[in-house]
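What follows is each chain in one-letter form.
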Amino acid sequence: MVATPISEWQAFIAFLALVITASLIAKIEITTLLKRAVIEVPFILFAILMPFFGTGEKFSVGPLDLYRAGLLAGASIVAKGTLGVLCAVLLSTTTTARELLRGLERLRLPIVMVQIASFMLRYINVISDEMQRMKVARESRGFEATGIKHWKILATSAAALFIRSYERGERVHLAMLSRGFDGNLPQSELRRVGVNVWLKALSISIIALLISILTQVIG
Amino acid sequence: MTTAPSLVITNLAFAYPDGNQALYGVNLIVNQGERVALLGPNGAGKTTLVLHMNGIHPAMQGEISIAGQIVDAKDKEALKRIRSKVGIVFQDPDDQLFMPTVGEDIAFGPYNMGKRGAELDAIVDQALAQVGMSEFKDRPPHHLSFGQRRRIAVATVLAMKPEILVMDEPSSNLDPASRRELADILRALDVTIVMVTHDLPYAYELCERAVILSGGIIVADSSTESILKNADLLASHRLELPVGFSLS
């Protein structure tokens, strides 16, 4: 998809259809998909500006003078970016964080990074709860962060949270040692999956690849 | 198989690196199958003592042995065996449950002991059943209530088939029902238990014997009932029964 040049615009329509079909099969509402894709908006704004700045061939659309190269580059970013974000949203909506980590492990991401990510996943709630409780405690004593003059207090809270988390880390380590930890976390055991599952999982990528090749051959 | 006491502590002393001395010569013997309450005010050195039992703190002076085997913090291999025999349940279950799911967390200890595959699965299932939480195997710990997390924390050490279960404040932060459920689970276990607490009624409910650790030494060692009836003894070590509670 990324390798397909933007001039082969038919391919991108096919890609979009593919993503939508996949989300329909996965029973994800298109609105959910779009809502989660809103994160992309700031990047699109950049791309929209591109046709107005550039060099080379110019042409007019109504009152606007646009650069051809800029327009193509902008369109390319919008199309590829949107499709990329939609795919990512599709993945994160259908797959739990736990399974994603397991996948990364199998893709040979260094084990230390997978472990860090999985500890983060486990403790992010604990720490954000703690942060929330500190906020409630501050506000219960009449504190409301309104401006720069309150940054000092917020910074102290952040420091306290950091130290608490650090100490928790030490306690967790003690608990790990007590259960015989010697530096290696258990590797998750591989689950065997059938050919069917593989085919289903690969179907999207294969179709996308075919579209890409096809348009280049035809075009 | 062994008739040696589960825990023998002889003349144990310990000072923190900053010079703060926590233990001044502790002597304690806990026999197999006993349930002993380790009572004491805050700062008496209870947690420090617990961390000696599996060699996290090396003994500076004196000696500890678990089921006849001396805890030597320098011998890594022996330490591994000791740690499989001493199951410590820490006070905050969030410190103890660090894996993404309950099942994986319980598997952590036995995995480190070299268990794999179907054997590991069987151990996990059994430990979950012992604390009545079988249906929670694939749940992440942060979705559970505090009482449930405490029970899972107990299961994580039961999975290591410990000779002795050491619990730091097992009843803290539990609502009355969770408290009773945990007591039922502990009573049903066929394992030596040392329970660090200042919840005196809970100690009375579960342990036939109690010791008081105060100022870094054991100052009393007797039946829980006689210790709790001795109001002067309790008061001199900052311990008190809750208002309205009396031993009949």
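Everything below is about the structure shown above.
Criteria and cut-off values
Residues numbered from 1 in each chain as written. Chains lettered and ligands numbered in written order. Predicted model: local features only at pLDDT ≥ 70, side-chain atom pairs only at ≥ 80, totals over all residues. Heavy atoms only, no water. Salt bridge = Lys/Arg side-chain N within 4 Å of Asp/Glu carboxyl O. Helix = DSSP H or I, 4+ residues; strand = E, 2+ residues; numbered from the N terminus. Buried < 20%, exposed > 50% of the residue type's maximum accessible area, 1.4 Å probe, protein only. Contact = heavy atoms within 4.5 Å. Core = buried A, V, L, I, M, F, W, Y, C linked by side-chain atoms within 4.5 Å. Buried area = accessible area lost by both parts, 1.4 Å probe. Polar contact = N/O pair within 3.5 Å; in protein donor to acceptor, adjacent residues only side chain to side chain. Pairing = 2+ DSSP bridges. Right-handed = clockwise from strand over helix to strand, strands pointing away.

### Side note on the pattern of salt bridges
- Counted according to the given criterion, the structure contains 20 salt bridges over all chains.
- Between Arg171 of chain A and Asp95 of chain B there is a salt bridge, with its nearest N and O atoms 2.4 Å apart. With Arg171 of chain A in helix α7 (residues 151–178) and Asp95 of chain B in helix α3 (residues 93–96), this residue pair bridges two chains.
- For Arg171 of chain A, a relative accessible area of 35% puts it in the partly exposed group.
- You can call Asp95 of chain B buried: its relative accessible area is 3%.
- Each of the salt bridges in this network shares a partner with another, and the network as a whole consists of Glu130, Arg164, Arg168 and Arg171 of chain A together with Asp92 and Asp95 of chain B.

### Let's talk about the side chain of Thr224 of chain B
- Among the secondary structure elements, Thr224 of chain B is positioned in helix α9 (residues 224–229).
- Each residue touching Thr224 of chain B, except ones within four places of it in the same chain, is listed here: Ala203, Tyr204, Cys207, Glu208, Arg209 and Ala210 of chain B.

### Remarks on the nonpolar core
Residue and element names in this part refer to chain B.
- Counting 49 residues, the largest nonpolar core has Leu39, Ile106, Ile152, Leu165, Leu186, Ile212 and Ile227 as its most contacted members.
- Top element by residues in this core is helix α6 (residues 146–158). It accounts for 6 residues.
- Apart from the residues lying within four places of it in its own chain, the contact partners of Leu186 are Arg35, Leu165, Met167, Ile193 and Leu206.
- In terms of nonpolar packing, the next biggest core, distinct from the first, is built from 33 residues, Val26, Val50, Val86 and Ile88 among them.

### Topic: the interface of chain A and chain B
- Facing the 25 residues of chain A at the interface are 30 residues of chain B.
- Taking both sides of the interface into account, the surface hidden between chain A and chain B amounts to around 2,400 Å²; carbon and sulfur atoms contribute 56%.
- If you sort the residues of chain A by the area they bury against chain B, Arg122, Ser178 and Arg179 of chain A come out on top, with a joint share of 35%.
- Here Asp94 of chain B ties to Arg122 of chain A by a salt bridge, and the two come within 2.8 Å at their closest N and O atoms.
- The interface formed by chain A and chain B includes 14 residue pairs in polar contact (both at pLDDT 80 or more).

### Side note on the pairing of strand β7 (residues 164–168) of chain B
Residues and elements named next belong to chain B.
- In terms of residue burial, β7 counts as a mostly covered element, since 5 of its 5 residues are buried.
- Burial of the side chains of β7 extends over both faces: Ile164, Val166 and Asp168 are buried on one face and Leu165 and Met167 on the other.
- Sheet topology note: the strand β6 (residues 86–89)/β7 ladder contains 4 bridges and is parallel. Along β7, the bridge assignment pairs Gly87 with Leu165.
- Of the crossover connections in this fold, the one passing from β7 over helix α7 (residues 176–188) to the parallel strand β8 (residues 192–197) is right-handed.

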